[in-house]
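# Fold and geometry: a report
The primary structure of each chain is shown beneath.
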Amino acid sequence: ALWSLMMSVTPTRGCLLDLPWEDILVPHILCHLPLQQLLSLQRVSKSFQSLIQLYLANMRCFDSSQIGPAIPRAAFVNLLKDNEVLQQLALQNCSDWLTDQELLPVIGQNHHLHQIQLKGCAQLSRHALVAISLSCPNLRQLSLAHCEWVDSLSLRSLADHCKALEAVDLTACRQLKDEAICYLVQKCSRLKSLSLAVNANVGDVAVEETAKCCPELEHLDLTGCLRVKNDSIRVLAEYCPKLRSLKVKHCHNVAESSLSILRSRGVELDVEPPLQRALVLLQDVVGFAPFINLQI
């Protein structure tokens with residue numbers, strides 16, 4: 001309905017455009033329209049084009065997925081060239097072309113960013129992460145999943161400058177080893193969510209240091225971390241009372257003997273308990289004691 005209203009107003013009638021742009025149209029009307037429709041609105045008239053450019057310059061959140069399956073490189077550069085107030089930046093659909101050349105200017109002029117999503121942006125380099133660390137001191141959430149260019153030096157820069165981090169996704173960042181993860185958690189003790197999934201170089205040392213340094217930790221993903229063993233899971237249970245979920249699927253050295261501690265606290269696990277244990281839990285909950293006789 002709002003889109004129909006916008007399109008039905010002609011420049012000659014001018015009633016919509018006569019409203020205050022910065023006080024009314026940008027913060028209270030345009031913000032409710034999908035970005036793709038706003039870009040189409042630019043073609044209505046020069047006045048609408050100026051209005052949309054003002055909106056883009058004051059946009060707090062940019063999500064490339066709102067534009068379509070793939071955003072052209074030139075369009076991305078043009079859309080954000082005047083924006084210095086971004087708080088959230090999500091670039092999932094730009095992996096085919098996004099390089100440091102396009103990203104660094106956006107990062108360099110937006111110092112209020114607190115959420116950045118770069119999942120799968122494989123053509124960036126370590127310089128992108130260094131730029132983020134230097135320009136975004138208030139960063140709280142960062143996804144670098146499947147960004148194999150992330151190395152220990154760039155992660156160290158992030159840890160040194162972005163100590164307010166609460167959620168970091170390092171899934172399949174295969175250059176990282178225990179030492180790099182330890183440095184991150186020592187500096188960023190406010191972490192609530194951390195993914196180290198699909199990294200064969202991560203083991204007990206990193207998990208134990210995470211547990212000891214991050215008492216606020218709620219979510220930890222260790223999927224496919226083959227070097228993680230029972231001892232570090234027990235340390236996790238001891239030092240992280242707020243843990244709500246743990247993923248350890250394909251961690252072949254993690255057994256029920258350590259997971260049962262977390263399971264008894266109600267922590268959500270992605271590994272089902274053994275059949276006998278499951279039946280015992282059913283016995284406790286439903287009260288089937290007379291019918292089940294198991295020895296654990």
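The rules behind these values
- Residues numbered from 1 in each chain as written.
- Predicted model: local features only at pLDDT ≥ 70, side-chain atom pairs only at ≥ 80, totals over all residues.
- Heavy atoms only, no water.
- UniProt positions renumbered as here; feature names shortened; annotations may be inferred.
- Helix = DSSP H or I, 4+ residues; strand = E, 2+ residues; numbered from the N terminus.
- Buried < 20%, exposed > 50% of the residue type's maximum accessible area, 1.4 Å probe, protein only.
- Areas by Shrake-Rupley, 256 points an atom, 1.4 Å probe, with all protein chains shown as cover.
- Phe/Tyr/Trp six-rings, centres within 6.5 Å; stacked < 30°, edge-to-face > 60°.
- Lys NZ or Arg CZ within 6 Å of the ring centre and 35° of its normal.
- Pairing = 2+ DSSP bridges.
- pLDDT = per-residue confidence, 0-100.
- Contact = heavy atoms within 4.5 Å.
- Axes fitted to C-alpha atoms, helices over the stretch in contact; angles between N-to-C directions.
- Parallel < 35°, antiparallel > 145°, perpendicular 65-115°, else oblique.
- Left-handed = near helix turned anticlockwise from the far one by under 90°.
- Nonpolar A, V, L, I, M, F, W, Y, C, P; charged D, E, K, R; others polar.

As recorded in an unreviewed UniProt entry, the protein chain goes by the name F-box/LRR-repeat protein 15, listed as coming from Oreocharis arfaki. Per UniProt, the comment on the protein chain under Subcellular location (unreviewed entry) is "Cytoplasm". Of the protein chain, the UniProt comment under Pathway (unreviewed entry) reads exactly: "Protein modification; protein ubiquitination."

### Points about the overall build of the protein chain
When helices and strands are counted, the protein chain shows 13 helices and 9 strands. Taken across its 296 residues, the protein chain has 47% of its residues classed as buried. Total accessible area computed for the protein chain in this model is approximately 14,700 Å², and 51% of it derives from carbon and sulfur atoms.

### Considerations on the packing of aromatic side chains
The tally for this structure, following the rule as stated, stands at 2 aromatic pairs. The interplanar angle of 55 degrees and the centroid separation of 5.5 Å between the aromatic rings of Phe 76 and Trp 97 together place this pair among those described as tilted. Of the two residues, Phe 76 sits in helix 5 (residues 73–80) while Trp 97 sits in the loop between strand 2 (88–90) and helix 6 (100–108), which places them 21 residues apart along the sequence. By way of ring pairs, the aromatic residues Phe 62, Phe 76 and Trp 97 are connected into one cluster. Positioned above the aromatic ring of Tyr 183, the side-chain terminus of Arg 156 is 3.8 Å from the ring centre.

### Re the sheet that holds strand 5 (residues 167–169)
What holds strands together in a sheet is hydrogen bonding between their backbones, with the strands either parallel or antiparallel. Pairing in this open sheet of 9 strands is parallel, and the strands run 1-2-3-4-5-6-7-8-9 from one edge to the other. Edge strands, defined here as strands with exactly one partner in the open sheet, are strand 1 (61–63) and strand 9 (268–269). Alignment of strand 1 against strand 2, held across 3 bridges, turns out to be parallel. The residue bridging Asp 63 from the neighbouring strand is Ala 90, located in strand 2.

### Topic: the confidence of the model for the protein chain
Across the protein chain, the average pLDDT comes to 87, with 86% of residues at or above 70. Every residue in residues 289–296 scores below 50 in pLDDT, and together they form 9 contacts with partners more than four places removed in sequence or on other chains.

### Things to note about unusual backbone geometry
Glycine aside, residues mostly have negative phi, and peptide bonds are mostly found in the trans state. Positive phi, normally seen in glycine, also occurs at Ala 172, with a value near 60 degrees. Tracing the sequence through the fold places Ala 172 in the loop between strand 5 and helix 9 (178–187). When its relative accessible area of 0% is taken as the criterion, Ala 172 is described as buried.

### Remarks on the packing of helix 11 (residues 230–239) against helix 12 (residues 256–264)
Here helix 11 crosses helix 12 at 15 degrees, and the two axes come no closer than 8 Å. The angle between helix 11 and helix 12 places the two elements in the roughly parallel class. Note on packing geometry: the crossing formed by helix 11 with helix 12 is left-handed. Contact residues: helix 11 offers Asn 230, Ile 233, Arg 234 and Ala 237, while helix 12 offers Ser 257, Ser 258, Leu 259, Ile 261 and Leu 262. Its residues assigned to classes, the contact of helix 11 with helix 12 comprises 5 nonpolar, 3 polar and 1 charged.

### Concerning the environment of His 114
Tracing the chain through its elements places His 114 in the loop between helix 6 and strand 3 (115–117). Between the C-alpha atoms of His 114 and Gln 141, which are 27 residues apart in sequence, the distance is 6.3 Å. The residues touching His 114, leaving out its near neighbours within four places in the chain, are Gln 87, Gln 88, Asn 138, Leu 139, Arg 140 and Gln 141.

### Structural notes on the environment of Asp 178
In this fold, Asp 178 is placed in helix 9. Look at Asp 178 and you get buried, because its relative accessible area is 10%. For the pair formed by Asp 178 and Asn 201, sequence separation is 23 residues and the distance between their alpha carbons is 7.0 Å. Setting aside chain neighbours within four positions, we find Asp 178 in contact with Asn 201, Val 202, Gly 203, Val 205, Ala 206 and Arg 227.

### Here's the deal with the packing of helix 10 (residues 204–213) against helix 11
Helix-helix packing is described using two parameters, namely the angle between the two axes and the distance between the axes. Taken N-terminus to C-terminus, the directions of helix 10 and helix 11 make an angle of 5 degrees; their axes are 8 Å apart at the nearest point. As summarised for this structure, helix 10 and helix 11 are arranged roughly parallel, according to the angle between their axes. Between helix 10 and helix 11, the contacting residues are Asp 204, Val 207, Glu 208, Ala 211 and Lys 212 on the first element and Asp 231, Ser 232, Val 235, Leu 236 and Tyr 239 on the second. Residue classes in the contact of helix 10 with helix 11 are distributed as 5 nonpolar, 1 polar and 4 charged.

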